[in-house]
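Chain by chain, the residues:
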Amino acid sequence: MVVVSILFFSGCTTLNKAKQADALSQELAVQKNKMEKMKIENEAALEKAKRECEDKLAQLRNKKQEEVKEFVEKKNRELSDLEKAKIELEKRLSGEIGEYKAKLQMTERGLVVTFLSEIFFDSGKDIIKSEGENALQQVAEVLRKEVLDSKIAVEGHTDSDPIRYSGWKSNWELSSARSLAVVHFFIDQCGVSPERLSAVGVAEYSPVKSNETAEGKRQNRRVEIVILPSSLKKVK
């Protein structure tokens, strides 16, 4: 009887352990399936995020390429406008250029039209002469037709000789008055919009030649008309 009881309880224990092992195996299978599902979902999420990131990078790259393309095209248009203006001015100012009283240069600032002051002014004066009026009218025609969106800076320059006989306090006042005279002529006589213009007096502090010779001083006494690219608002 005792043997039968022992066998009975032993069988029950074994059966319970088998059931527990089976339940544990089922739970492990469930957890494994969940982990596999989570792994697949995570991989899918990562792949989606990767695609979205690549799409955004491609969009940004395309946008930047378009911006660069537009910038280059704009710069080319601006350069083309200034080049056209240069060609037109070379024709209109052929006399002054041929006499070495005027020159045209494409620079980092833009198109610079340089006139010797003797074309516009008598010594120590700021009244524009008729010869100078004709030259300025030719420039104004180009400003109003070829480079409508460009700002224009007028710079007055002198040699290093101090003021002695005229009523100016210094070369600062003389160079400023001359640049203002040109600006007012552009506005009052030529119809150039004042919003496009600025006047600068530089005095003797930006020479292009040595002031040790008479010819060097002659070259330094000048008026520069700087036609800026349309994207720039002021002279640097």
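Look a little higher up for the structure.
From a predicted model like this one, the values you see are computed outputs, not experimental measurements. (Residues numbered from 1 in each chain as written. Predicted model: local features only at pLDDT ≥ 70, side-chain atom pairs only at ≥ 80, totals over all residues. Heavy atoms only, no water.)

Quick notes on the overall build of the protein chain
Item 1. When you go through the protein chain residue by residue, the secondary structure sums to six helices and five strands.
Item 2. Its helices and strands in sequence order give the protein chain the pattern α-α-β-β-α-α-β-α-β-α-β, from N to C terminus.
Item 3. In the protein chain, of all internal contacts separated by at least 6 residues, the share reaching a separation of at least 24 is 69%.
Item 4. As displayed, the protein chain has an accessible area near 15,600 Å², and 55% of this comes from carbon and sulfur atoms. (Helix = DSSP H or I, 4+ residues; strand = E, 2+ residues; numbered from the N terminus. Contact = heavy atoms within 4.5 Å. Areas by Shrake-Rupley, 256 points an atom, 1.4 Å probe, with all protein chains shown as cover.)

Some remarks on the sheet that holds strand β1 (residues 102–106)
Item 1. Pairing within the open sheet is mixed, and its five strands lie in the order β1-β2-β5-β3-β4. Lying at the two open borders of the sheet, with one neighbouring strand each, are β1 and β4 (197–203). Averaged over all adjacent pairs, the angle separating strand axes in this sheet is 20°, with direction ignored.
Item 2. Note: β1 against strand β2 (residues 111–116), five bridges, orientation antiparallel. Across the sheet, M106 pairs through a bridge with L111, a residue of β2.
Item 3. Helix-sheet contacts for helix α4 (residues 130–145) involve β2, β3 (152–157) and β5 (222–227), and the interaxial angle to β5 is about 10°.
Item 4. Relative to β4, helix α5 (residues 171–190) is tilted by about 160°, and along the sheet it contacts β3, β4 and β5. (Pairing = 2+ DSSP bridges. Axes fitted to C-alpha atoms, helices over the stretch in contact; angles between N-to-C directions.)

Brief notes about a negative patch on the surface
Item 1. On the surface, E47, E52, E54 and D55 cluster together into a patch of negative charge.
Item 2. In this fold, E47 is placed in helix α1 (residues 2–92).
Item 3. For E47, a relative accessible area of 38% gives the class partly exposed. (Patch = residues over 30% accessible without salt bridge, like charges linked within 9 Å, V, L, I, M, F, W, Y side chains within 5 Å. Salt bridge = Lys/Arg side-chain N within 4 Å of Asp/Glu carboxyl O. Lys, Arg positive; Asp, Glu negative; His and termini not counted. Charge placed at Lys NZ, Arg CZ, Asp CG, Glu CD. Buried < 20%, exposed > 50% of the residue type's maximum accessible area, 1.4 Å probe, protein only.)

Re the packing of aromatic side chains
Item 1. Applying the stated criterion across every chain yields a total of three aromatic pairs.
Item 2. Pairing F115 with F120 gives two aromatic rings, centres 5.0 Å apart and planes at 55°, and the pair type is tilted.
Item 3. Its relative accessible area of 0% is what places F120 among the buried residues.
Item 4. An aromatic cluster of three or more residues is present, and its members are F115, F120 and F121. (Phe/Tyr/Trp six-rings, centres within 6.5 Å; stacked < 30°, edge-to-face > 60°.)

Examining the packing of α4 against α5
Item 1. In contact at an axis separation of 10 Å, α4 and α5 are set at 70° when each is read in the N-to-C sense. If you check the angle between α4 and α5, you find them roughly perpendicular. Where α4 crosses over α5, the two elements pack in a sense that is right-handed. Between α4, through E133, L136, Q137, V139, A140, L143 and R144, and α5, the contact on the second element is made entirely by V182, F185, F186 and C190.
Item 2. Residue composition of the contact of α4 with α5, grouped by class: eight nonpolar, one polar and two charged. (Parallel < 35°, antiparallel > 145°, perpendicular 65-115°, else oblique. Left-handed = near helix turned anticlockwise from the far one by under 90°. Nonpolar A, V, L, I, M, F, W, Y, C, P; charged D, E, K, R; others polar.)

Quick look at the nonpolar core
Item 1. Formed by 33 residues in total, the largest nonpolar core has its most connected members in L89, F115, F120, F186 and I225.
Item 2. For this core, the secondary structure elements donating two or more residues are α1, β1, β2, α3 (117–120), α4, β3, α5 and β5.
Item 3. In this structure, L89 is in contact with I97, L104, L111, V113, Q138, V139, V142 and I227, ignoring residues within four places of it in sequence. (Core = buried A, V, L, I, M, F, W, Y, C linked by side-chain atoms within 4.5 Å.)

Side note on the pattern of salt bridges
Item 1. One pass over the structure, following the stated rule, counts 15 salt bridges.
Item 2. One continuous salt-bridge network, built from bridges that share partners, spans R109, E155, R222 and E224.

Examining unusual backbone geometry
Item 1. A positive phi angle, close to 60°, is found at Y100, a residue other than glycine.
Item 2. By secondary structure assignment, the location of Y100 is in the loop between α2 (94–98) and β1.
Item 3. Even without being a glycine, A203 presents a positive backbone phi close to 60°.
Item 4. Tracing the sequence through the fold places A203 in strand β4.
Item 5. Judged by its relative accessible area of 0%, A203 falls in the buried class.

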